[in-house]
Amino acid sequence: MNSALQGRKKESWKIFDEIAGTYDLLNRILSCGIDVYWRRKLLKNLPQRNNLIALDLATGTGDVALVLAKSPKIEKITGLDLSRGMVELGKVKVKKAKKENKIALHIGDGCNIPAADSTVDVVTISFGIRNFPDPQKSLREIFRVLKPNGRVMIMEFGLPKNKIVHAVYMFYFRHLLPFVGNLLSKHRDAYTYLNETVEDFAYGDDFTAWMKEAGFNNARFEELTFGIANLYIGDKE
Ligand SMILES: C[S@@+](CC[C@H](N)C(=O)[O-])C[C@H]1O[C@@H](n2cnc3c(N)ncnc32)[C@H](O)[C@@H]1O
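Conventions adopted
- Residues numbered from 1 in each chain as written.
- Predicted model: local features only at pLDDT ≥ 70, side-chain atom pairs only at ≥ 80, totals over all residues.
- Heavy atoms only, no water.
- Helix = DSSP H or I, 4+ residues; strand = E, 2+ residues; numbered from the N terminus.
- Expected span 1.5 Å × (residues − 1).
- Bend = angle between axes of the 7 residues up to and from the residue.
- Buried < 20%, exposed > 50% of the residue type's maximum accessible area, 1.4 Å probe, protein only.
- Contact = heavy atoms within 4.5 Å.
- Patch = residues over 30% accessible without salt bridge, like charges linked within 9 Å, V, L, I, M, F, W, Y side chains within 5 Å.
- Areas by Shrake-Rupley, 256 points an atom, 1.4 Å probe, with all protein chains shown as cover.
- Salt bridge = Lys/Arg side-chain N within 4 Å of Asp/Glu carboxyl O.

Draft legend 1. Quick look at helix α2 (residues 12-30). Relative to the 27 Å expected for 19 residues at 1.5 Å per residue, α2 spans just 20 Å between its end C-alpha atoms, considerably shorter than the ideal helical length. A maximum bend of about 80° is found in α2 at A20. Every buried residue belonging to α2 is among S12, I15, F16, I19, A20, Y23, L26, N27 and L30, and all of these are buried. Lining the buried residues of α2 we find α1 (3-9), α3 (34-44), α5 (84-96), α7 (163-185) and α8 (190-200).

Rendered as structure tokens:
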């Protein structure tokens, strides 16, 4: 792993504090709206039972929590993130959606989860674990807080396998996306950090190997949009 990037990940939440105001808009623009469809995939893969207690790590501005709140299977969602700027914006969105009875957002670390053992049915992370300083510790923590029969669902960027799609995407991802992202967010390199962290991070079978090491059974993944993102699922049995 790139050691300069590893250093930045210890305080990556500071970058998100700085770009919180433009984060949602840039997500929609830079993904052409596909991120909305990706997040909805989480609903389809919820465990088949009711009264689920959910925990969304790196919740950011709360988009995953708001999607999960649509499911009648979910009783309560706690969202945790280290960026106060992102969490405060998320709280405004939760209030506007009138979901305060179902969603609570707090400051909290995905590598040291402030929850007791075996207390959560579903843990989600979307586009967050790549930013954690110790993703493998986070996976062990998730395993710890999940109840038996609990499920983790992690959405994270990957890189397309198809050679033509890969070539086109890499041009967009290495040049166009950082240029537009840094310009509109008025941040010197937040969107350069995005493509560097993705290219430096485990994906596909390498990531499911980490999930298995953390104790998850049946760790698997589904490629989304040519593998630009992957949805990883693992169960605690
Ligand atoms: C790319 S955003 C994803 C936000 C949201 N899940 C989404 O899908 O839009 C990554 C988030 O990870 C958060 N983050 C970084 N390190 C963290 C950590 N150790 N614990 C919790 N959150 C962290 C950042 O503050 C940021 O809000």
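Draft legend 2. Representation of a nonpolar patch on the surface in the model. A cluster of nonpolar residues, L25, I29, F179, L183 and L184, forms a patch on the protein surface that exposes about 510 Å² of accessible area. Among the secondary structure elements, those contributing two or more residues to the nonpolar patch are α2 and α7. The element that contributes the greatest number of residues to the nonpolar patch is α7, accounting for three residues. Looking at the element boundaries, L183 is found in helix α7. Since its relative accessible area comes to 54%, L183 is described here as exposed.

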